[in-house]
2 protein chains.
Amino acid sequence: MLRISKLTDYGIVIATHLASCGGPHPVSDLSAETEIPAPTVAKVLKALARAEVVTSQRGARGGYQLAHRPEDISVVRVIEALEGPIAVTECVDDESVCSHEARCNVRANWQRINDAVYAALDGIKLSDMAEPGGARLVQLVRSAGEANRARIGV
Amino acid sequence: MLRISKLTDYGIVIATHLASCGGPHPVSDLSAETEIPAPTVAKVLKALARAEVVTSQRGARGGYQLAHRPEDISVVRVIEALEGPIAVTECVDDESVCSHEARCNVRANWQRINDAVYAALDGIKLSDMAEPGGARLVQLVRSAGEANRARIGV
DNA sequence: ATAAAGAGGACCAATCTAGTCTCGATTGCT
DNA sequence: AGCAATCGAGACTAGATTGGTCCTCTTTAT
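On a predicted model such as this, the values are computed, not experimentally measured, just so you know. (Residues numbered from 1 in each chain as written. Chains lettered and ligands numbered in written order. Predicted model: local features only at pLDDT ≥ 70, side-chain atom pairs only at ≥ 80, totals over all residues. Heavy atoms only, no water.)

K.L.:
Any chance you could explain the packing of helix α1 (residues 6-20) of chain B against helix α2 (residues 27-34) of chain B here in plain terms?
P.N.:
For any two helices packed against each other, the geometry comes down to the angle between their axes and how far apart the axes lie. Residue and element names in this part refer to chain B. One can describe the packing of α1 onto α2 by two numbers: an axis separation of 11 Å at closest approach and a directional angle of 105 degrees. Taken together, the axes of α1 and α2 lie roughly perpendicular to each other. Residue-level contacts link Val13, Ile14, His17 and Leu18 of α1 to Leu30, Glu33 and Thr34 of α2. The residue makeup of the contact of α1 with α2, split by class, is 4 nonpolar, 2 polar and 1 charged. (Axes fitted to C-alpha atoms, helices over the stretch in contact; angles between N-to-C directions. Helix = DSSP H or I, 4+ residues; strand = E, 2+ residues; numbered from the N terminus. Parallel < 35°, antiparallel > 145°, perpendicular 65-115°, else oblique. Contact = heavy atoms within 4.5 Å. Nonpolar A, V, L, I, M, F, W, Y, C, P; charged D, E, K, R; others polar.)

K.L.:
What is the right way to look at the protein's contact with DNA strand C in this model?
P.N.:
Taken together, 25 residues lie around DNA strand C, and Arg58 and Tyr64 of chain A together with Lys6, Lys43 and Arg58 of chain B are the ones closest in. Here a base nitrogen of DNA strand C and a side-chain polar atom of Lys46 of chain A are 2.8 Å apart. One of the backbone N or O atoms of Lys6 of chain B is found 2.5 Å from a phosphate oxygen in DNA strand C. Elements represented by at least two residues in the surface near DNA strand C include exactly α3 (38-50), β1 (54-57) and β2 (63-66) of chain A together with α1 and α3 (38-50) of chain B. (Near = heavy atom within 4 Å. Polar contact = N/O pair within 3.5 Å; in protein donor to acceptor, adjacent residues only side chain to side chain.)

K.L.:
Explain the nonpolar core to me, please; I cannot follow it from the model alone.
P.N.:
Leu45, Trp110 and Leu121 of chain A together with Leu45, Trp110 and Leu121 of chain B are the most contacted members of the largest nonpolar core, which totals 72 residues. Here this core gets 6 residues from one element, more than from any other, and that element is α1 of chain B. Those residues within four positions of Trp110 of chain A in sequence are excluded, and the remaining contacts are Val88, Thr89 and Val92 of chain A together with Ile4, Asp9, Ile12 and Met129 of chain B. (Core = buried A, V, L, I, M, F, W, Y, C linked by side-chain atoms within 4.5 Å. Buried < 20%, exposed > 50% of the residue type's maximum accessible area, 1.4 Å probe, protein only.)

K.L.:
Would you mind going over the protein's contact with DNA strand D with me for this structure?
P.N.:
With respect to spatial proximity, 25 residues lie near DNA strand D, and among them Lys6 and Lys43 of chain A together with Ser56, Arg58 and Tyr64 of chain B are the closest. By atom count, sugar and phosphate contribute 70% of the portion of DNA strand D lying within 4 Å of the protein. Those elements that provide at least two residues to the surface near DNA strand D are α1 (6-20) and α3 of chain A together with α3, β1 (54-57) and β2 (63-66) of chain B. For the surface near DNA strand D, the per-class residue count stands at 9 nonpolar, 9 polar and 7 charged.

K.L.:
How should I be thinking about the pairing of β2 of chain B in this particular structure?
P.N.:
Successive side chains on a regular strand alternate, one facing one side of the sheet and the next facing the other. All names here are of chain B. Direction of pairing for β1 relative to β2: antiparallel, over a ladder of 4 bridges. Its bridge partner being in β2, Ser56 is matched across the sheet by Tyr64. Connecting β1 to the next strand, β2, in antiparallel fashion are 5 residues, including Gly59 with a positive phi near 80 degrees. (Pairing = 2+ DSSP bridges.)

K.L.:
Is there a simple way to explain α3 of chain B in this structure?
P.N.:
Since the α-helix advances by 3.6 residues per turn, residues separated by three or four positions end up pointing in the same direction. Residues and elements named next belong to chain B. Compared with the 18 Å implied by 1.5 Å per residue over 13 residues, the 18 Å span of α3 between its first and last C-alpha is a close match. At its buried positions, α3 is contacted by α1, α2, β1, β2 and α4 (75-83). At the C-terminal side of α3, Glu52 shows a positive phi close to 60 degrees. (Expected span 1.5 Å × (residues − 1).)

Distances and angles like these do not, on their own, reveal function.
As structure tokens, this is what we get:
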């Protein structure tokens, strides 16, 4: 688990698709190209538009396109647009709910774990996702693993 | 979001607690010490026992203790015990459900993202969580962030 | 004017989650 | 041997979340 929602998955797929072709794409086209049902595509894109990941053009010949260059949009942007801020635990998201505060050593550490996950996802851009081989990604993941292993002394 | 479940959060808290004190702890004690309701503590520990993160001792004077040294148990072990394998998307978890396979550039890349998240979490051990200041964690997170930034060229 | 688009939000079914409870199996102590 | 303390397995419920659809209104190119 530790899963992103299906809608977010769709969001990445759609955004990645937009990253590879330029002009405004109407929902109907995107639905056909990604094989995701049109109402769902529409729902996802409305959320992405609100978060300014994509821009919309109404009316005939309108549609959606990315609001920035693919290499300037990380997957975190998309995830946060559809699910709210990255917060691995409730503690991280909303400090008030934790009644254990005083005695909870764990809490401060969760915040750091959260940062680690955020950093990992923020390093991955839509342009990486669009690239089939994902050459840069391979490097990225390998280096993250090595950084950890070095610290741990494995 | 991208959240672990509450039960998993409890699992980490309980496991961290076990990491700081030795002998077998009955559920009743752990419940009192962590302020988590006893039936819930029991549920979590049963799952952790099945995954061999903790060992159990039945009968009077029984209880739970860690199955390995705290520095040999990563948070991933606990998360996977309670939620199943880390799988950021359905694709990563179960390849059969994805009808887009052929045309889905994104899929292989999700696998890599998944690996990155896994690596980030696997580097964090229970002994790190038990440490209040979390000195080693600070280093860990910082280095992960730097590794990313270096790659990206920011 | 008309048709092609998106915006906003209501709505429902299905699934997942948290939490409790019951009953049975072990085990140490007296 | 008997008792009390503990864990093991799993059923069960209420509530929250998610995925997906649909309807109505606004905007805009032709």
